[in-house]
Amino acid sequence: MKNTSAFHTEMHWRSLALLNIFRLLSNLGIFCSVFWLAYKPIMGIEEWRSFLTLAGVDSVLALFFAWGIHRRRPGFEIQLSIQVAIDVLFIVGMMHLFGGLRSGLGTLLLPYLAAAGLISRGRMTLFHAAMASIALLSEQTWQIWQGNASASDYFSPAVLCVASFAVAWLAHRLARFAQASEALAEQRGIDLANLGQLNQRILQDVSDGVLVVDAKGEIRQCNEQAIRLAGMRPEGMLIHAMPVVAVALARWRANPSDNPSLIITALTRKTLRPRFVLLSNDSQGNVLIYLEDLDKLRREAQQLKLAALGRLTANLAHEIRNPLSAITHAAQLLGEEADANTLMKRLTRIIDDNSQRLERMVKDVLELNRRDRVQMTQIKLADWLDVFVEEFKLQEEIHVMLTLDCPPEAEIRFDPGHLHQVMWNLARNGWRYCQKKNGSLNFRVWSENQHWLFDVGNDGPTVAPDAQTQLFEPFFTTETKGTGLGLYIAREICAANGAVLEYIAPPLGGVCFRIIFGYIHRQDAALPL
């Protein structure tokens, strides 16, 4: 981008080029008027030659000036002064050929002086007017010397000289006003540019996704947060880029008092709360859409909750485990001495069960601080699942068939220890609630949209709708003996490995948990999401 001075200089040269074109057109007009419009035709051959000489020389000089303007040589002010001087001499020469000031050609000096004053932004305007006045008075003196006029005829050229200075002064004032207006407009442009940059910066730093949509549903602007929430850059029509937001916007336009409901994006599967604001003083019907990421708010709340819990457990882990071990050991001793006492056995069993539950809770909470220790490697799911299923059946003493469907080319990048922990949690929960028949617990791996999906399903009772939104909340459980941290830890581990764990409600009943891995890894290439 050019700086301000360079921009002004370019405008000066363009204006000078227009003045040069005006000179050529004026010469053509004068030449034509000699034959058709002049009230005193040129009769003598000498006068005719003088006229052709003046017109020809002025036209040739105009062509030289055009070349000089193109080359920007000599300087702008030198060229302008030379052109004004030549214009003055040409017009005064025409006046002399056509009878002096009575020809009326002297008034042609005024537009030249005005144009020169405006082009030069008011500089040297009085100098140009002085040149014109000297030329007019010199021509009148020559007429008196030749006996074609008397001394009393100085009044008309004097008036024209005064008019020349008046036009020059007016051009000077107009140029100053134009300069002030130009400077003000330039400053306003800079202020608007700075304000636009400030607004853009604020828009990008807003934690919510922001979209501007016009009355036709076309996206006019969006920030980076909106791109992240949508999983792509929202462009074009809103109905094509983000259909769920377009439907919510249509409902809001029909009834602005109705609070928009929560929506879930198709690609990123994020839960959003939209908010619509009609821009004031906008006749085009533009709407400002705020997209609040509820998943992020939940995660932040959970992080605060777990951070406080982590600090607590870090300080009390040993203090809790030491007396817990003593209680467990004492309960075992009481159980050995209470062989014949049924009540004593039941009480010691209660002590032992709750001690183990506390031990599992402390262990799970301590595991939360280790979820970021990821060592991802390439894992062939078919081979890995064969070993895992056999180990799981042996550990849980399962004697029925578990369904396994995995393509041999399925390969992911995951931490093996983390994958084992997640799968063990999902498989154990599935086996606990299924009907424990052949195929009651099933594992299925398949691909969609260039990434692998892993379903762990069972034929147990469907999760209640009000509990589905809280499945992955920490410490949420429907069992009296559960800690409520298993699914939460599993989802956090998946997120640390670039995967997504979600609950799927099968249409035919049952329960299904799905892991969506971030990439399909092949031997030839890795195709991103």
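Calculation criteria
Residues numbered from 1 in each chain as written. Predicted model: local features only at pLDDT ≥ 70, side-chain atom pairs only at ≥ 80, totals over all residues. Heavy atoms only, no water. Helix = DSSP H or I, 4+ residues; strand = E, 2+ residues; numbered from the N terminus. Buried < 20%, exposed > 50% of the residue type's maximum accessible area, 1.4 Å probe, protein only. Contact = heavy atoms within 4.5 Å. Areas by Shrake-Rupley, 256 points an atom, 1.4 Å probe, with all protein chains shown as cover. Patch = residues over 30% accessible without salt bridge, like charges linked within 9 Å, V, L, I, M, F, W, Y side chains within 5 Å. Salt bridge = Lys/Arg side-chain N within 4 Å of Asp/Glu carboxyl O. Pairing = 2+ DSSP bridges. Axes fitted to C-alpha atoms, helices over the stretch in contact; angles between N-to-C directions. Parallel < 35°, antiparallel > 145°, perpendicular 65-115°, else oblique. Left-handed = near helix turned anticlockwise from the far one by under 90°. Nonpolar A, V, L, I, M, F, W, Y, C, P; charged D, E, K, R; others polar. Core = buried A, V, L, I, M, F, W, Y, C linked by side-chain atoms within 4.5 Å. Expected span 1.5 Å × (residues − 1). pLDDT = per-residue confidence, 0-100.

Asker: Talk me through the overall build of the protein chain; I want residue IDs and the actual numbers.
Answerer: Of regular secondary structure, the protein chain possesses 15 helices and 14 strands. Residue burial in the protein chain is summarised as follows: out of 529 residues, 39% are buried. Of the contacts made within the protein chain by residues no fewer than 6 positions apart, 64% connect residues no fewer than 24 positions apart. Accessible surface computed for the protein chain: about 30700 Å², of which carbon and sulfur atoms make up 60%.

Asker: Pulling in residues and values, what's your account of a nonpolar patch on the surface?
Answerer: Together, L118, W169, L170 and L174 line one region of the surface with nonpolar side chains, adding up to about 410 Å² of accessible area. When residues of the nonpolar patch are assigned to their parent elements, the largest contribution, 3 residues, is made by helix α6 (residues 155–205). Topologically, L174 is positioned in helix α6.

Asker: I'd like to hear about the pattern of salt bridges, residue by residue, with values.
Answerer: Per the stated rule, a full pass over the model turns up 6 salt bridges. Of the charged contacts in the structure, one is a salt bridge between E218 and R220, with a shortest N-O distance of 3.9 Å. The exposure class assigned to E218 is partly exposed, which follows from its relative accessible area of 29%. Taking relative accessible area as the criterion, R220 reaches 53% and is therefore assigned exposed. With its nearest N and O atoms 3.4 Å apart, the salt bridge here joins R228 to D293. Here R228 is found in helix α7 (residues 224–230), whereas its partner D293 is found in strand β5 (residues 287–293), with 65 residues between them in sequence. Judged by relative accessible area, R228 falls into the partly exposed class, the value being 36%. Taken together, the salt bridges that share partners define one network made up of D214, E218 and R220.

Asker: Requested: an account of the sheet that holds strand β7 (residues 403–405), with residues and values cited.
Answerer: Pairing is mixed across the open sheet formed by 5 strands, whose spatial order is β7-β9-β10-β12-β11. Every other strand in the sheet has two partners, leaving β7 and β11 (500–504) as the edge strands with one partner each. Across the sheet, the mean angle from the axis of one strand to that of its neighbour is 20 degrees, orientation sign disregarded. Across the face of the sheet, helix α15 (residues 486–496) comes into contact with β11 and β12 (511–516) while running at roughly 135 degrees to β11.

Asker: So what about the environment of F517? Which residues, and what values?
Answerer: Assignment of secondary structure puts F517 in the loop between β12 and β13 (520–521). Distance from F517 to H451, taken between C-alpha atoms, is 6.1 Å for residues 66 residues apart in sequence. When neighbours within four sequence positions are excluded, F517 is seen to be in contact with L381, I412, F414, H451, W452, F454, G498 and A499.

Asker: Residue-level account of the packing of helix α3 (residues 76–97) against helix α5 (residues 125–145), with values.
Answerer: At their nearest, the axes of α3 and α5 sit 10 Å apart, and the two run at 25 degrees to each other. Viewed along their axes, α3 and α5 adopt a mutual orientation that is roughly parallel. α3 and α5 meet at a crossing whose hand is right-handed. Touching L80, S81, V84, A85, V88, V92, M95 and H96 of α3 are H128, M131, A132, A135, L136, E139, W142 and Q143, all from α5. Here the contact of α3 with α5 is built from residues that sort into 11 nonpolar, 4 polar and 1 charged.

Asker: Give me the nonpolar core: which residues, what numbers.
Answerer: F443 and I515 are the most contacted members of the largest nonpolar core, which totals 47 residues. Elements that contribute at least two residues to this core include exactly α12 (381–396), β8 (411–414), α13 (416–433), β9 (441–448), β10 (451–458), α15, β11 and β12. Sequence-distant contacts of F443, that is, excluding residues within four places in its chain, are made with F388, V389, L402, T403, L404, D405, M423, A427, F454, D455 and V456. Listed in part, the 29 residues of the second largest apolar core include I91, V92, L113 and L136.

Asker: Any details on the sheet that holds strand β1 (residues 209–213)? Residues and values, ideally.
Answerer: Taken in spatial order, the 5 strands line up as β2-β1-β5-β4-β3 in an open sheet, and their pairing is antiparallel. Since the sheet does not close on itself, it has two edges, and those belong to β2 (219–222) and β3 (263–264), each with one partner. Direction of pairing for β1 relative to β2: antiparallel, over a ladder of 3 bridges. Each bridged residue has a counterpart across the sheet, and for L211 the counterpart in β2 is C222.

Asker: Explain α5 to me, using residue names and the numbers behind them.
Answerer: Here α5 is 21 residues long and its end C-alpha atoms lie 30 Å apart, about the 30 Å a rise of 1.5 Å per residue gives. Restricting attention to buried positions, one finds in α5 the residues T125, H128, A129, M131, A132, S133, A135, L136, E139, Q140 and Q143. Buried residues along α5 sit against α3, α4 (109–119) and α6.

Asker: Break down α12 for me, citing the residues and quoting the values.
Answerer: With 16 residues, α12 extends 21 Å from end C-alpha to end C-alpha; this agrees with the ideal 22 Å at 1.5 Å per step. In this structure, the buried residues of α12 make contact with β6 (377–380), β7, β8, α13, β9 and β10. E397 sits one or two residues past α12 and shows a positive phi near 55 degrees.

Asker: Can you break down the pairing of β12 residue by residue, with the values?
Answerer: Most of β12 sits out of view: 6 of its 6 residues are buried. Alternating positions in β12 separate into two faces, V511, F513 and I515 on one and C512, R514 and I516 on the other, with burial throughout. Relative to β12, β10 runs antiparallel, the two sharing 6 bridges. Across the sheet, residue D455 finds its bridge partner in β12, namely R514. With 5 bridges joining them, β11 and β12 adopt antiparallel strand pairing. Looking across to β12, one finds that Y503 is bridged to F513. Taken together, β11 and the strand that follows it, β12, pair antiparallel across an intervening segment of 6 residues, in which G509 is found at a positive phi of about 95 degrees.

Asker: Which residues make up unusual backbone geometry, and what are the values?
Answerer: Look at E397: it is not a glycine, yet its phi comes out positive at around 55 degrees. Take E397: its relative accessible area is 61%, and that puts it in the exposed class. For K436, which is not glycine, the phi torsion reads 60 degrees and is therefore positive. K436 gets classed as partly exposed once you look at its relative accessible area, which sits at 39%.

Asker: Lay out the confidence of the model for the protein chain with the relevant residues and their values.
Answerer: Residue-level pLDDT values for the protein chain average 78, and 84% of them are 70 or greater. Note on residues 1–8: pLDDT is under 50 here. Beyond four places in sequence and across chains, it has 5 contacts. Within the model, the stretch residues 521–529 combines pLDDT values under 50 with 18 contacts to residues more than four positions away or in other chains.

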